[in-house]
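Inside the fold
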Amino acid sequence: GQNIDQPTEMTATEGAIVQINCTYQTSGFNGLFWYQQHAGEAPTFLSYNVLDGLEEKGRFSSFLSRSKGYSYLLLKELQMKDSASYLCAVWGAGSYQLTFGKGTKLSVIP
Amino acid sequence: DSGVTQTPKHLITATGQRVTLRCSPRSGDLSVYWYQQSLDQGLQFLIQYYNGEERAKGNILERFSAQQFPDLHSELNLSSLELGDSALYFCASSGTGGTEAFFGQGTRLTVV
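Model, not experiment: these values are computed from the prediction. (Residues numbered from 1 in each chain as written. Chains lettered and ligands numbered in written order. Predicted model: local features only at pLDDT ≥ 70, side-chain atom pairs only at ≥ 80, totals over all residues. Heavy atoms only, no water.)

On to the overall build of chain A. What chain A contains, in helices and strands, is zero helices and 11 strands. Helices and strands in chain A line up, N terminus first, as β-β-β-β-β-β-β-β-β-β-β. Against the 2.2 N^0.38 benchmark of 13 Å for 110 residues, chain A shows a C-alpha radius of gyration of 13 Å, consistent with a compact globule. Taking the principal axes of the C-alpha coordinates as reference, chain A spans close to 45 × 30 × 20 Å. For chain A, the computed accessible surface area is about 5,200 Å², with 50% contributed by carbon and sulfur atoms. Taking the average location of the 8 positive side-chain charges in chain A and that of its 9 negative ones, the two points are 3 Å from each other. (Helix = DSSP H or I, 4+ residues; strand = E, 2+ residues; numbered from the N terminus. Rg over C-alpha atoms; globule rule 2.2 N^0.38 Å. Areas by Shrake-Rupley, 256 points an atom, 1.4 Å probe, with all protein chains shown as cover. Lys, Arg positive; Asp, Glu negative; His and termini not counted. Charge placed at Lys NZ, Arg CZ, Asp CG, Glu CD.)

Here it is in structure tokens:
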């Protein structure tokens, strides 16, 4: 089976930096994804990690440690539009099933 | 625009009825995934097809079924609908396994 844990909610201030953590336990691992989802809308792809280390993409960075079953998404220079849910997802064994965590609802306040 | 098309966008139906949700994947993508998202819940994986064949099954109820056709579009059939089936149903597609999945805009199903 697969288990993915993320904090339920976080609040951060506009212009600040926030780190959203994700821990996972899966039968096989073929990559970890972060998606952003605004309420009632489709998830949109943010980042992908398959090897250990940091991937940077503009204001967003994602880190992976496979040995620890741990990832984080780092958002810099927060903007109000970053208020959304952030979903951690893992490709399990055989790359046939993309399993999502319940998501972290981020509220950015002025 | 992700390139994944889902129809209809909204569906309201009565308990006990049957509905069909349709998904057209991005051009060239062979994998199609179906997810259910209830209010304030995470994305629950239902089922995955790859090039017409079922490849993985998640928490899909026996009242639900899906298929992928030769032109790669997919349909999710929900029968004997209950109030608790009200949710957003998302379809996603990807190329080979292990690559990012692109999501359609979803079908909002309301069972009354």
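After that view, the rundown keeps rolling.
Residue and element names in this part refer to chain B. Summarising burial for strand 4 (residues 31-37): seven of the seven residues are buried, a large majority. Examined bridge by bridge, strand 4 and strand 5 (residues 44-50) share six bridges and lie antiparallel to one another. Bridge pairing links Ser31 to Tyr50 in strand 5. The antiparallel pairing of strand 4 with strand 5 creates a hairpin that spans six residues between the two strands, and Asp40 there sits at a positive phi of about 60°. (Buried < 20%, exposed > 50% of the residue type's maximum accessible area, 1.4 Å probe, protein only. Pairing = 2+ DSSP bridges.)

With that out of the way, let us pick up the interface of chain B and chain A. If you look at the interface, chain B gives 24 residues, while chain A gives 19 residues. Each partner contributes to the roughly 1,700 Å² buried at the junction of chain B and chain A, and carbon and sulfur atoms together form 56% of this total. Where chain B touches chain A, the interface holds zero salt bridges. Along the contact surface separating chain B from chain A lie three residue pairs in polar contact (both at pLDDT 80 or more). (Contact = heavy atoms within 4.5 Å. Buried area = accessible area lost by both parts, 1.4 Å probe. Salt bridge = Lys/Arg side-chain N within 4 Å of Asp/Glu carboxyl O. Polar contact = N/O pair within 3.5 Å; in protein donor to acceptor, adjacent residues only side chain to side chain.)

Below, the discussion takes up the sheet that holds strand 8 (residues 74-78) of chain B. Residue and element names in this part refer to chain B. The antiparallel open sheet is built from four strands, whose spatial order is 1-3-8-7. The two strands at the open ends of the sheet, each matched to only one other strand, are strand 1 (5-7) and strand 7 (64-68). The mean angle between the axes of side-by-side strands here comes to 15°, regardless of whether they run parallel or antiparallel. Two strands pair when backbone bridges link them, and strand 3 (residues 19-24) and strand 8 are joined in this way by five bridges, in the antiparallel orientation. Looking across to strand 8, one finds that Arg22 is bridged to Glu75. (Axes fitted to C-alpha atoms, helices over the stretch in contact; angles between N-to-C directions.)

For the rest of this paragraph, the subject is the sheet that holds strand 8 (residues 70-75) of chain A. Hydrogen bonds between backbone atoms are what pair the strands of a sheet, whose relative direction is either parallel or antiparallel. All names here are of chain A. Strands sit in the order 1-3-8-7-6 across an open sheet of five strands; the sheet is antiparallel. Looking along the sheet, the strands with just one partner apiece sit at the ends: strand 1 (3-5) and strand 6 (53-57). Each strand of the sheet is rotated relative to its neighbour by a mean of 15°, with strand direction disregarded. Pairing analysis gives three bridges linking strand 1 to strand 3 (residues 18-25), with the strands arranged antiparallel. Across the sheet, residue Asn3 finds its bridge partner in strand 3, namely Gln25.

Looking now at the pairing of strand 3 of chain B. Residue and element names in this part refer to chain B. Of the two faces of strand 3, only the one carrying Val19, Leu21 and Cys23 is buried; Thr20, Arg22 and Ser24 on the other face are not. Pairing between strand 1 and strand 3: three bridges, direction antiparallel. Within strand 3, the position partnered with Thr5 by the bridge is Ser24.

Any empty space left between the atoms is revealed when a probe the size of a water molecule rolls over them. One number sums up the size of the largest pocket: a volume of about 770 Å³. Lining the largest pocket are 32 residues, with Ser85 of chain A together with Gln37, Leu39, Asp40 and Gln41 of chain B positioned closest to its centre. When contributions to the lining of the largest pocket are tallied by element, the ones reaching two or more residues are strand 1, strand 9 (84-91) and strand 11 (104-109) of chain A together with strand 9 (87-94) and strand 11 (107-111) of chain B. Of the pockets and cavities examined, the second largest pocket occupies roughly 290 Å³. Considering the residues around the second largest pocket, the lining is formed by 17 residues, among which Gln2, Thr99 and Phe100 of chain A together with Gln44 and Asn59 of chain B are closest to the centre. (1 Å grid on protein atoms, 1.4 Å probe; cavity = no way out; pocket = protein on both sides within 12 Å on 5 of 7 lines; lining within 4 Å. Points joined across faces, edges and corners; volume = space filled by probe spheres on them.)

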